[in-house]
Amino acid sequence: MLTLTANAAQAIRDLTASAPEPEQSGIRISSQGEGSTSLTLSLATQPEPADAVVEAEGARVYLDPVAATVLEDKALDAGPDDQGAVAFLVTEQPH
């Protein structure tokens, strides 16, 4: 299952703090369609029925079935990009 770093959990909590339903809101990672390895990240107020839910330190990530499979052994991290905005990146899970 996907894991979240402390940085990613904080970034997700910051993003969802102003959402209409902050206690249910999270980010959703979904595929672009069957057979696609491209994933998109968006804010979500709740999971879709088939989504896997990853929760850590009060942060929620919803994964569609394809994303859950692709990210099974990965970790989600976050940090500032070149412009100072939050950037999420997928890394290998530490062993």
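Above this text is the structure in question.
First things first, this report covers the structure right here in the doc. Owing to the predicted nature of the structure, the values given are computational and were not obtained by experimental measurement. (Residues numbered from 1 in each chain as written. Predicted model: local features only at pLDDT ≥ 70, side-chain atom pairs only at ≥ 80, totals over all residues. Heavy atoms only, no water.)

**Focus on the side chain of Ser25**
At step 1: Among the secondary structure elements, Ser25 is positioned in the loop between helix 1 (6-16) and strand 2 (26-31).
At step 2: Residue Ser25 is classed as buried on the basis of its relative accessible area, which comes to 2%.
At step 3: Reaching out from Ser25, the side chain makes a polar contact with the backbone oxygen of Glu21 at a distance of 2.8 Å.
At step 4: With residues near it in sequence (within four places) discarded, Ser25 still touches Thr16, Ala19, Ala44, Thr45, Arg60 and Tyr62. (Helix = DSSP H or I, 4+ residues; strand = E, 2+ residues; numbered from the N terminus. Buried < 20%, exposed > 50% of the residue type's maximum accessible area, 1.4 Å probe, protein only. Polar contact = N/O pair within 3.5 Å; in protein donor to acceptor, adjacent residues only side chain to side chain. Contact = heavy atoms within 4.5 Å.)

**Notes on the sheet that holds strand 1 (residues 3-4)**
At step 1: Reading across the sheet, the three strands line up as 1-6-7 and stay open at both edges, with mixed pairing between neighbours. Two strands close off the open sheet at either side, each with one partner strand: strand 1 and strand 7 (86-92).
At step 2: As paired strands, strand 1 and strand 6 (residues 74-80) are joined by two bridges and run parallel to one another. Counted as the bridge partner of Thr3 is Ala75 from strand 6. (Pairing = 2+ DSSP bridges.)

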